[in-house]
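The residues making up each chain are set out below.
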Amino acid sequence: MTKLNSVRTGALKAILLALSISSLSIIGCSSGSDDKGSDNGPSFGGDYTNFEFSGRGDSDGFTTTNFKVPNGTNKFMVNFDAAGDLLTISSLSSNGAEYAKTGGRPLTSSNSIEIFTGSINVPSRTLDAPINSANTFSITAGGSKLDNKDIKFYGLGRSDSDLSKGTLIVNIYIVSPSLNSVENQDIINRAIARFRAIYASANITLSINIHNVNSTESIQDMYSGTDFYLNNVANKPSPAVNLFISNQLTYSFENGESALILGLAGGIPGPWINSLKSGVAVSFSQHSGVDDEFSPAEELIFGETLAHEVGHYIGLFHPIEIDTDSEDLLANGADPLSDTEECGSYTTCSLTLYSNLMFPFPVRSGNGGFVEQVALTGQQSGVLNLSALVD
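Model, not experiment: these values are computed from the prediction.

**Student:** With reference to specific residues and values, describe the environment of Lys68.
**Tutor:** Residue position: Lys68 is located in the loop between strand E5 (62-67) and strand E6 (75-81). Distance in space between the C-alpha atoms of Lys68 and Ser133 is 7.2 Å, their sequence separation being 65 residues. Not counting residues up to four positions away in its chain, the partners in contact with Lys68 are Phe51, Ser133, Ala134, Asn135 and Thr136. In this structure the side chain of Lys68 is engaged in a polar contact, spanning 3.4 Å, whose partner is the backbone oxygen of Asn135.

Structure, rendered in structure tokens:
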């Protein structure tokens, strides 16, 4: 049976699951901290507009700040990036509508606790109230080291004529020299084709730029404080998702232990500004299983992982979280969408959700292969299209 470990780092709740095909174990991930500020990149014309506003932390490190968005904006993202260890967006509202949480369920991983960069999509779901750019918005946010300090917020607004389709820019960084062989490039290209097909089902076209980094065979997770991601995303096409493919990806725990994982995203959603967490990271070798050779099924899972982790970065949660040691559902584990089926047990979830792209882990099929996990519900597709990263 697949084993799932629910991992917490200090007070931080795991925000996604990183997967290991070779052992079929699931390792929960968490977050990390940025003292370096951000290189926020260029201003954007046309349908994109970036905007800034600020507040000042009270004695607890929190501010409630009112702000306006550019005229005509119908979706936007807000990030803040500061020297606090733990960052939280506890509320973002306008005209009586709340966009940070619903019914006790977060609409952003920053609604609980994040490290380094807090991020939120507004609106994040088709269920949310449409925004009116003439209204005033209010955000309550802060961090553990922001008492009596200025807090700067970075917004990315979009005037989108069709919220049901769009184009997403993805900068793919091939990190490891070993991935430049013809054989490995063919595997990566087939995985990217799988990624494209999944997003096409949500009416999203991927505009992909390939960048060869050729620096190292193994990279560290973006929650560890490494400036690897920040250094590589500067001066690349933006706003975009930055996707790093390395031979190996290592996640480090607070107790000093580490593990090789399949993939990881820099938040739900991840930041649009350039920061230590501005990226999605995916391991190449961990998808090849114990024999280090890719089977056709493992190539498909590789492509599904690319799509899954980018889904997190744009704003999708897992539809459910399951502790497969006990076969118990984890408290508050379901996503905030009404068309990803609710289920009351591991067995029920297995029947209704296994084929969903955002299911927490790969699932073996009866014939020894793996269940294809490519399905997106209408509301999940809506989350993807409502991201300000999608034009």
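**Student:** Give me the sheet that holds strand E20 (residues 263-265): which residues, what numbers.
**Tutor:** Sheet strands associate in pairs through backbone hydrogen bonding, adopting either a parallel or an antiparallel arrangement. Overall, mixed pairing links the 5 strands, which are arranged E15-E14-E17-E21-E20 in an open sheet. Each having just a single partner strand, strand E15 (204-212) and E20 make up the two edges of the open sheet. In this sheet, neighbouring strand axes are inclined to one another by 20° on average, regardless of whether the strands run parallel or antiparallel. Pairing analysis gives 4 bridges linking strand E17 (residues 241-246) to strand E21 (residues 280-283), with the strands arranged parallel. When the sheet's bridge partners are listed, Ser246 is paired in E21 with Ser283.

**Student:** Tell me about the sheet that holds strand E8 (residues 97-98), and please be specific about residues and values.
**Tutor:** Strand order in this open sheet of 4 strands is E5-E12-E7-E8, and the pairing throughout is antiparallel. Of all the strands in the sheet, the pair left with one neighbour each is E5 and E8. In the sheet, strand E7 (residues 87-94) pairs with strand E12 (residues 137-143) via 6 bridges, with the strands oriented antiparallel. The residue of E12 that forms the bridge with Leu87 is Gly143.

**Student:** Let's hear about the environment of Ile261: which residues, and what values?
**Tutor:** As for its position among the elements, Ile261 is in the loop between strand E19 (258-260) and E20. Overall, Ile261 belongs to the buried group, its relative accessible area being 1%. In the structure, Ile261 is positioned 10 residues away from Tyr251 in sequence and 6.8 Å away in space, judged by C-alpha atoms.

**Student:** Now, about the nonpolar core: what can you tell me, with residues and values included?
**Tutor:** The biggest cluster of nonpolar side chains holds 46 residues, and the ones touching the most others in it are Leu168, Phe195, Tyr199, Ile245, Phe302 and Leu306. When contributions to this core are tallied by element, the ones reaching two or more residues are strand E13 (150-158), strand E14 (166-174), helix H1 (182-200), E15, E17, E21, helix H3 (296-314) and helix H5 (378-386). Considering every element that reaches this core, the biggest residue donor is H1, with 7 residues. Not counting residues up to four positions away in its chain, the partners in contact with Ile245 are Ile172, Tyr173, Ile174, Val175, Ser176, Leu179, Ile188, Val282, Phe284, Phe302 and Leu306. In terms of nonpolar packing, the next biggest core, distinct from the first, is built from 23 residues, Ile89, Leu92, Val122 and Ala141 among them.

**Student:** Could you give me a rundown of the packing of aromatic side chains, with the residues and numbers involved?
**Tutor:** Tallied over the entire structure, the rule returns 20 aromatic pairs. Consider the rings of Phe53 and Phe67, whose centres lie 4.1 Å apart with planes at 5°: the pair is stacked. Here Phe67 lies in strand E5 and Phe53 lies in strand E4 (residues 48-56), a separation of 14 residues in the sequence. For the pair Phe53 and Phe67, a shared accessibility class is recorded, and that class is buried. Between the aromatic rings of Phe228 and Phe244, the centroid separation amounts to 5.5 Å while the plane-to-plane angle is 55°, which identifies the pairing as tilted. One end of the pair, Phe228, is in helix H2 (residues 228-233); the other, Phe244, is in strand E17, and 16 residues separate them in sequence. Each member of the pair, Phe228 as well as Phe244, carries the same accessibility label: buried. A connected cluster of aromatic rings, assembled from ring pairs, spans Phe51, Phe53, Phe67, Phe76, Phe80, Phe137 and Phe153. Above the face of the Tyr48 ring, Arg158 is positioned so that its terminal group lies 5.0 Å from the ring centre.

**Student:** Any chance you could break down the pairing of E21 for me, citing the residues and the numbers?
**Tutor:** Burial along E21 is two-sided: the residues Val280 and Val282 and Ala281 and Ser283 are all buried. For E20 and E21, the ladder comprises 3 bridges, and the chain directions are antiparallel. Looking at E21, one finds that Gly263 is bridged to Val282.

What counts, and at which threshold
Residues numbered from 1 in each chain as written. Predicted model: local features only at pLDDT ≥ 70, side-chain atom pairs only at ≥ 80, totals over all residues. Heavy atoms only, no water. Helix = DSSP H or I, 4+ residues; strand = E, 2+ residues; numbered from the N terminus. Contact = heavy atoms within 4.5 Å. Polar contact = N/O pair within 3.5 Å; in protein donor to acceptor, adjacent residues only side chain to side chain. Pairing = 2+ DSSP bridges. Axes fitted to C-alpha atoms, helices over the stretch in contact; angles between N-to-C directions. Buried < 20%, exposed > 50% of the residue type's maximum accessible area, 1.4 Å probe, protein only. Core = buried A, V, L, I, M, F, W, Y, C linked by side-chain atoms within 4.5 Å. Phe/Tyr/Trp six-rings, centres within 6.5 Å; stacked < 30°, edge-to-face > 60°. Lys NZ or Arg CZ within 6 Å of the ring centre and 35° of its normal.

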